[in-house]
Amino acid sequence: MATKLGGEVAAAAKHATEERVSLLTLSDEKILEQIYTTHVHGDDKFDVDSLFVVVENTLKHATHIVDNYVQGGGQSSTHGVLRDLLQGAQAIVEQQTDERAPKASFSPPLCTLKQIACELQCKPPGEDIAHKTTLAILNKLSNYSWEAKAVLTLAAFALDYGEFWFLAQSQSSDQLAKSLAVLRRVPVITKPAALQKHKKALIELNSLIRDTLEVIESIFELEKLTSYDPKDIPALAGIMDHVPVHVYRAIITVVSCATQVTCLVCDDGKTQVLSPYAQGLHYVLTKLKTQLMICKRQLEEAETHRRLRKFFQTPTEIMVVFQSLIFGKDDAQLLFDGSSRSMVKIDVLRRKNVLLFISTLDITDEEIQLLRPVHDELKKENQYKIVWVPIVDQWMDELRKKFEMVRGKMPWYAVQHFSPIAGVRYVKEEWHFKTKPIIVVVNPQGKVECSDATHMIRVWGMKAFPFTVAMEATLSGGRDWLAYIASDIHPSITTLIKEKKFIFFYGGTDSDWITQFTAKANALAADALIKEQKISIELVLVGKGGKGDHSTILTRFWDGIESMFLTKVIGKPDDVTREVQKLLSYRSESGWAVLSKGSAVVFSGHGTTVLKALDEFEKWKVFIKEKGFEVSLKEHHEKVVRTMHRCSRLDVRAAPGKVPEVVQCPDCPRKMEMIISYKCCHVDGAIIGLL
């Protein structure tokens, strides 16, 4: 019988231990399951802001008095303690000028506070009791909002805690306070020996009270943010879902603090262990501070976004716009001058046209070199400036080193600002910046002349100056676009174009096709009729061969074609648009060819159709004398295309604000299907040669 009874006691003890441990480590989901049943609706209204102000003032003064008591507790006489108390009181008086005040009409909910105070008083220590007390308080406050529940509970505690330490401070100079202090057992703690005994416990209690106050203040701040447009603070919605759990942890901490005060006053050897609550609350406080920082940053970004939209829509000095875009409200106003390697004020941008070169730190040398000839030309006059704006979400030491390395490759200005760019949201939403560099052109009045001049600079270089949308439209309307893209393929290209020679640009992934086309094209160029008509045909291979690795040139060629497509595709489709689109669709094909006469494109085609057209030379050569070489070949190629129609595929890298949702097929009236593909940026070795 005794054995059985002992087993039951042991099992009960084990269960109790497991229950206590589980209460300290309850997940947020488990806590929510229990506390949501206590919440009816936040219907009861009162001036919670004023109540929090009073609670904050009360606890700050009370904890300050405790600090002075603890510091003076080691004195050998009461005189030392009294001296420290007087010094503390004087400090409080000095702080009152900065103290917030409740509304004049504020009337505290005294009856509710007394009800909560009854729940807090004279509870024995223990996590399970603290949990049950917390649930009881939440049930009594079921009609209040979650932040009001936390403030009311803390207010009930502050009422008792503040009174206790007010009496402790006043008992030496006021007879009524002395009598009340005896009734409240204040001397049990405030005597020097008692202070020495409870010093550690008081310090721990004081610290936890301050942390609790800070947690509730953070919850309060989050609640106030709900008055803003949810679109301005997208992170807030998910954060507010966890507020009930934070309130629970704050209230159970207040309960444990009240229990500890009871233990200290009774001085019966019992104590409430506060460290688990301190650890849990520290986690909550850290989390809340991080969340508040995120929300405030998002709100600031939204406000900056609205301010920038107004700036860019209204004539404003470029310096004002630049300051708001980059630095926001910060005082930092310095740029790094890449030519003099020194820091300069942003005044250098006053009344200037500015090219904002916006990128991440993962920028290639080729992307930097794109702007170098532009910089060399612009520095000849003083009306245009280039500024590199690095977009970094969070600066760290290794990123600063990388920034300095990249900055060293640029001869223009760079933003030297190791904080996230104030207008990063504007840059991403309005200028569609993602990861690839963009070049935004802004005039001296802060008006955006082009939201991304990268593509026109890549195709036309300085001929696109002053890099406006109007200039882009003018240039992209001509048929000589290929001359700009192909000009750096080989030294002879420029001469061939000036002499208006017929040029076959061709390439592909299939070396057999390249061999066949080369043979057919050479045979065509050597034909007696072609020579008789004094038709000069040159071949330029853009693809793989055996003369080395020219992958950079090859990549630049296709980047130029893609850039030309992106400058044309937004507007109304024309012959140039269709030719560029067709050529771009051949980028990954086995073979392709483009025929130009000087700088003007005659036609482009897939490897199979162009090769067949050359194979059938005897069918169309009879029209050369009547129609001319280029017309005869083009018309016959169009016939071949109609008999060998194949679907086009178009792969275009993401270009912010440039890639349309709908693109018409260049070979038929159908709309092309839009797909998304992901591809590594590395390019296989390839050469470009002149045959």
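What you see is a predicted model, and the numbers here were worked out from it, not measured in a lab. (Residues numbered from 1 in each chain as written. Predicted model: local features only at pLDDT ≥ 70, side-chain atom pairs only at ≥ 80, totals over all residues. Heavy atoms only, no water.)

Right, let's get into the pattern of salt bridges. Applying the stated criterion to the full structure yields 25 salt bridges. Residue Glu119 pairs with Lys140 through a salt bridge whose shortest N-O separation is 3.8 Å. Of the two residues, Glu119 is situated in helix H5 (residues 110-120) and Lys140 in helix H6 (residues 127-140); the sequence distance between them amounts to 21 residues. With relative accessibility at 18%, the residue Glu119 sits in the buried group. One salt bridge connects Arg425 with Glu429, and the closest N-O pair in it is separated by 3.0 Å. Remark: Glu429 and Arg425 occur in helix H18 (residues 424-430); sequence separation between them is four residues, near one turn of the helix. Take Glu429: its relative accessible area is 41%, and that puts it in the partly exposed class. Residues participating in the shared-partner salt-bridge network are Asp527, Glu618 and Lys621. (Salt bridge = Lys/Arg side-chain N within 4 Å of Asp/Glu carboxyl O. Helix = DSSP H or I, 4+ residues; strand = E, 2+ residues; numbered from the N terminus. Buried < 20%, exposed > 50% of the residue type's maximum accessible area, 1.4 Å probe, protein only.)

Two elements in contact, helix H12 (residues 243-266) and helix H13 (residues 275-313), have axes whose closest approach is 10 Å; the angle formed by their N-to-C orientations is 145°. When the axes of H12 and H13 are compared, the crossing they make is left-handed. Counted together, His246, Arg249, Ala250, Ile252, Thr253 and Ser256 of H12 and Tyr277, Leu281, Val284, Lys287, Leu288 and Gln291 of H13 form the full contact between these two elements. Classifying every residue of the contact of H12 with H13 gives six nonpolar, four polar and two charged. (Axes fitted to C-alpha atoms, helices over the stretch in contact; angles between N-to-C directions. Left-handed = near helix turned anticlockwise from the far one by under 90°. Contact = heavy atoms within 4.5 Å. Nonpolar A, V, L, I, M, F, W, Y, C, P; charged D, E, K, R; others polar.)

With that settled, consider the pairing of strand E4 (residues 384-390). Burial analysis of E4 places seven of its seven residues in the buried class, the great majority of the element. Where burial is concerned, the two faces of E4 agree: the one with Tyr384, Ile386, Trp388 and Pro390 and the one with Lys385, Val387 and Val389 are both buried. Across seven bridges, the pairing between strand E3 (residues 353-359) and E4 is parallel. The partner of Phe357 across the bridge, within E4, is Trp388. Judged from the two bridges that link them, E4 and strand E5 (residues 413-415) form a sheet pairing that is parallel. Within the sheet, the bridge partner assigned to Val387 lies in E5 and is Tyr413. Taking the sense of rotation as the criterion, the β-α-β connection linking E4, helix H17 (residues 397-407) and E5 turns out right-handed. (Pairing = 2+ DSSP bridges. Right-handed = clockwise from strand over helix to strand, strands pointing away.)

So, about empty space enclosed by the protein. In this approach, a probe sized like a water molecule rolls over the atoms, and the result shows the empty space that is left. Summed over the entire model, instances satisfying the criterion amount to one cavity of 30 Å³ or more. Its volume calculated, the largest cavity comes out at about 30 Å³. Residue lining of the largest cavity: Tyr161, Phe164, Trp165, Ile189, Leu202, Leu205, Val261 and Leu264, and that is the complete set. Elements that contribute at least two residues to the lining of the largest cavity include exactly helix H7 (146-170), helix H10 (192-225) and H12. Residue contributions to the lining of the largest cavity peak at three residues, all from H7. Tallied by class, the residues present in the lining of the largest cavity amount to eight nonpolar, no polar and no charged. (1 Å grid on protein atoms, 1.4 Å probe; cavity = no way out; pocket = protein on both sides within 12 Å on 5 of 7 lines; lining within 4 Å. Points joined across faces, edges and corners; volume = space filled by probe spheres on them.)

To continue, consider the nonpolar core. Leu59, Leu120, Phe157, Tyr161, Trp165 and Leu222 are the most contacted members of the largest nonpolar core, which has 84 residues in total. If you tally residues by element for this core, the top one is H7, at 15 residues. When sequence neighbours within four positions are dropped, the list of residues in contact with Leu59 reads Leu154, Phe157, Ala158, Tyr161, Ile209 and Leu213. Within the second largest apolar cluster, 59 residues are counted, among which are Leu371, Trp395, Leu496 and Ile497. (Core = buried A, V, L, I, M, F, W, Y, C linked by side-chain atoms within 4.5 Å.)

Strand order in the open sheet made by the seven strands is E2-E1-E5-E4-E3-E6-E7, with mixed pairing throughout. Bordering the open sheet on either side are strand E2 (342-345) and strand E7 (448-450), each of which pairs with just one other strand. Ignoring which end each strand starts from, the neighbouring axes of this sheet average 35° apart. Of the strands in this sheet, strand E1 (334-337), E4 and E5 touch H17, which is tilted by about 155° from E4.

With 81% of its residues at a pLDDT of at least 70, the protein reaches an overall mean of 81. The model gives residues 545-549 a pLDDT under 50, and that stretch makes nine contacts with residues more than four places away or in other chains. (pLDDT = per-residue confidence, 0-100.)

With that out of the way, let us pick up the pairing of E1. Here E1 pairs with E2 via four bridges, running antiparallel. Paired with Leu335 across the bridge in E2 is Val344. Taking the residues that link successive antiparallel strands as the turn, the E1-E2 hairpin has four residues, and the phi of Arg341 there is positive, at about 55°. Bridge count between E1 and E5: three bridges; the pairing is antiparallel. Bridge pairing links Phe336 to Ala414 in E5.

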